[in-house]
Amino acid sequence: MSEEDSTMTTTTEPVRRGVSPTALPTRLRDLVARRIPWRSLEAPFYTDPDVFALDIEAIFGRSWIFAAAEAEIPEPGDYVTITLGRYSLIVVRDDDEQVRAFHNVCRHRGARLLMEDRGSVGNIVCAYHSWTYGVDGSLRFAESQSADFDASCYGLRHVHVRTVAGLVFLCLAQETPEDFDEVAGIVEDYVGPHDLTHAKVAAQIDLVERCNWKLTMENNRECYHCAGHPELNCSIFPVYGYTPENLPPRLQGDAERLRTATAEAIRTYDALGLPYAAREELDTRTTGYRIEREALDGAGESITVDGAAAVRRLLAGFPTAKLGRLGLHLQPNSWFHFMADHAVAFTALPISPDRTLVRSTWLVHADAVEGEDYDVESLTHVWKATNLQDAGFVERAQLGVSSPAYLPGPYSSTEYQVEAFVNWYIGRLATLPAFSEQVDGLQPAVHGDLTW
Ligand code: FES
Ligand SMILES: [Fe+2]
């Protein structure tokens, strides 16, 4: 077997006894097939260990997943480890400064290699019997092997990895989604000007939400609940996802301010040549996404308690801090805000059917000095508060859907991105070989004109 053959992963391995993407139990097939559009999912999607195992294999195993910012691994040997269900993955910068990704499993007898979330290594040394791998994944040392032992057959199992505008994505599948190049090009166009390849990590906070990962994502994709986010509402207009047709009276004033701020912001974007138009293909392609640059409230500069920049040294040498925010949503599990002064990246990493790690990473200019150009508390204040509020919402949701009394309820039109997320999710499951017949309800989640 060649090195290449021996290191690729496959998506057809059994997930749990009786659950594999190619041979789904009828119970799971029926669940997917009878999903009703514009209604929340049935309880097993949030609670059933078999659905969770399927999600890891069929959703996380077949998508490009945002794993880290390049700024998290600036030097050769720097690594992070990522856990996706039962998978553990290493993302490391090699000696040629290329980003690599491997399964965190020793090729001897399978011990987990790196136990920490992050660190720096010269080589990757297994703590069990000291098999030693280079940061390129090659096996460099294995004691007391026979003369015909071929170390080239026992390199670490590679995982596909690529960087886009300073963001690292990995894909477990042997054959990666064909449409990612196109989406990556769009992300490069919009995010590239923020120059995140010259950024550093100012803060990173992990929060374990007591819910299924899909409840984390559904909650992220709507602002129907934004009255519960007083800190966030100081800078993000809480009309997100609304149209003039479904806007409640309580938000009329916010919409008026947004219209005024948008007109000014567009003049700035045009002057600087920054793309801003909304592009949205959340459930009409394999790599679902939404991207838009839009105005912020208050000072209009950043997501802070008054909308003013939290970092004096701006990203990319921008000539103004007043760029609003560039928002990016990627299916299945990440979302981002890129401002002039900093960027914040979020990723939802499934731990178990009812536990999800939400990792928030704040990025600032590589030369920004803590204590002079920014302080971490001001930088992180809004999202620390908002994330805890969201954790409360999704925990309530998990408790509710776990009750035998739960029945799927209707989404409002302002929750169209929740519908789009769920529609994308069901659509991806429906492409599994186990589905020979068409699954209903896979029309795109249409919505009104979101232009203000
Ligand atoms: S399991 Fe890693 S060296 Fe033995
Ligand atoms: Fe929220």
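Just so it is clear, the model here is predicted, and its values are computed rather than measured.

Undergrad: Explanation requested: the sheet that holds strand β5 (residues 118-120) in the structure shown.
TA: Across a sheet, strands are paired by hydrogen bonds formed along the backbone, either parallel or antiparallel in direction. Strands sit in the order β4-β3-β2-β5 across an open sheet of four strands; the sheet is antiparallel. Each of the sheet's edge strands pairs with one partner strand only, and the pair in question is β4 (99-103) and β5. Averaged over neighbouring strand pairs, the angle between their axes works out to 25° when direction is ignored.

Undergrad: Can you help me understand the sheet that holds strand β9 (residues 160-164) in this one?
TA: If you walk across this open sheet you meet the three strands as β1-β10-β9, and the pairing is antiparallel. At either margin of the open sheet sits one strand with a lone partner, and together these are β1 (65-69) and β9. Within the sheet, the average angular offset between the axes of one strand and its neighbour, ignoring direction, is 30°. Lying over the sheet, helix α5 (residues 180-191) contacts β9 and β10 (167-171), oriented at roughly 25° with respect to β9.

Undergrad: Help me out: how do you make sense of the pattern of salt bridges in this one?
TA: Where charged atoms from two side chains of opposite charge approach closely, those side chains can pair. In total, this model carries 26 salt bridges according to the counting rule given. Linking Arg27 and Asp50 is a salt bridge whose minimum nitrogen-to-oxygen distance equals 2.7 Å. A residue pair is termed long-range when its members are at least 10 positions apart, and Arg27 in helix α2 (residues 26-33) and Asp50 in helix α4 (residues 49-59) qualify at 23 residues. In this structure Arg27 comes out as partly exposed when scored by relative accessible area, which is 42%.

Undergrad: Explanation requested: the UniProt feature "domain: Rieske" (unreviewed entry) in the protein chain in the structure shown.
TA: Sequence positions flagged by UniProt for "domain: Rieske" (unreviewed entry) are, in local numbering, residues 65-170. As annotated, residues 65-170 comprises 0% helix and 41% strand, and the C-alpha atoms at either end are separated by 5 Å.

Undergrad: What should I look at first to understand the packing of α2 against α4 in this one?
TA: Relative placement of two packed helices is described by the angle separating their axes and the distance separating the axes. The contact between α2 and α4 brings their axes to 11 Å, and the two run at 75°. Accordingly, the angle class assigned to the pair α2 and α4 is roughly perpendicular. Every residue of α4 that contacts α2 at Arg27, Leu28 and Leu31 is listed here: Asp50, Val51 and Leu54. For the contact of α2 with α4, a count of residues per class yields four nonpolar, no polar and two charged.

About the cut-offs
- Residues numbered from 1 in each chain as written.
- Chains lettered and ligands numbered in written order.
- Predicted model: local features only at pLDDT ≥ 70, side-chain atom pairs only at ≥ 80, totals over all residues.
- Heavy atoms only, no water.
- Pairing = 2+ DSSP bridges.
- Helix = DSSP H or I, 4+ residues; strand = E, 2+ residues; numbered from the N terminus.
- Axes fitted to C-alpha atoms, helices over the stretch in contact; angles between N-to-C directions.
- Contact = heavy atoms within 4.5 Å.
- Salt bridge = Lys/Arg side-chain N within 4 Å of Asp/Glu carboxyl O.
- Buried < 20%, exposed > 50% of the residue type's maximum accessible area, 1.4 Å probe, protein only.
- UniProt positions renumbered as here; feature names shortened; annotations may be inferred.
- Parallel < 35°, antiparallel > 145°, perpendicular 65-115°, else oblique.
- Nonpolar A, V, L, I, M, F, W, Y, C, P; charged D, E, K, R; others polar.

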